Amino acid sequence: MPTGLLTDEAAERIVTTCRTAIGDSLRSVTYFTRDDFEQVYLREDLERDADLSTFIGHEWRGFKTAQTAYDNSELGDYNYTIRVFDNGFLVRVTSDSDGIFVTTDGLTVKDFEEVATAINAFLNDREIE
């Protein structure tokens, strides 16, 4: 399902980064921009039936809404979002032009922080390239 958004090396780097931080609890990894997306990892025991285009639309709008809503608050700068579901979690990390969301089984807050920090570093490195 490659769309050409990422090189094979960049896609592999994202997956390796997430697998290192999350381990076997990693369910999926999706890279997205405002206009397109690429699912770069899906765990073997999961179906490829999620409506990712709807997810992407919501996650991008959600980011812009949250960024605007919390601008200049005493909470500080926005870092990442965690969504909690019956069967897992979604972690979203974005830059101004792209983002990554990762779905997982149960994790600790420390695990979420590690993967968000690693993804943020990847996105910032891409802006330099």
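Above this text you will find the structure in question.
A short tour of the structure in this document, coming up.

1. Description of the nonpolar core
For step 1, the next point in the chain: In this structure, Ile 14, Cys 18, Val 29, Ile 100, Val 102 and Ile 119 are the most contacted members of the largest nonpolar core, which totals 25 residues.
For step 2, the next point in the chain: Within the residue set of this core, elements represented by two or more residues are α1 (8–22), β1 (26–33), β2 (37–42), β4 (88–94), β5 (98–104) and α3 (109–128).
For step 3, the next point in the chain: Tallying contributions element by element places α1 first for this core, with seven residues.
For step 4, the next point in the chain: Apart from the residues within four sequence positions on either side, Val 29 is in contact with Ile 14, Cys 18, Glu 38, Gln 39, Val 40, Tyr 41, Ile 100, Phe 101 and Val 102.
For step 5, the next point in the chain: In terms of nonpolar packing, the next biggest core, distinct from the first, is built from six residues, Phe 32, Ile 56, Leu 90 and Phe 101 among them.

2. What about the side chain of Ser 28?
For step 1, the next point in the chain: Within the secondary structure layout, Ser 28 lies in strand β1.
For step 2, the next point in the chain: Overall, Ser 28 belongs to the buried group, its relative accessible area being 5%.
For step 3, the next point in the chain: In terms of polar contacts, Ser 28 uses its side chain to reach the side chain of Thr 103, at 2.4 Å.
For step 4, the next point in the chain: In this structure, Ser 28 is in contact with Gln 39, Tyr 41, Leu 42, Phe 101, Val 102 and Thr 103, ignoring residues within four places of it in sequence.

Rules behind the numbers
Residues numbered from 1 in each chain as written. Predicted model: local features only at pLDDT ≥ 70, side-chain atom pairs only at ≥ 80, totals over all residues. Heavy atoms only, no water. Core = buried A, V, L, I, M, F, W, Y, C linked by side-chain atoms within 4.5 Å. Buried < 20%, exposed > 50% of the residue type's maximum accessible area, 1.4 Å probe, protein only. Helix = DSSP H or I, 4+ residues; strand = E, 2+ residues; numbered from the N terminus. Contact = heavy atoms within 4.5 Å. Polar contact = N/O pair within 3.5 Å; in protein donor to acceptor, adjacent residues only side chain to side chain.

Structural measurements only, silent on function.
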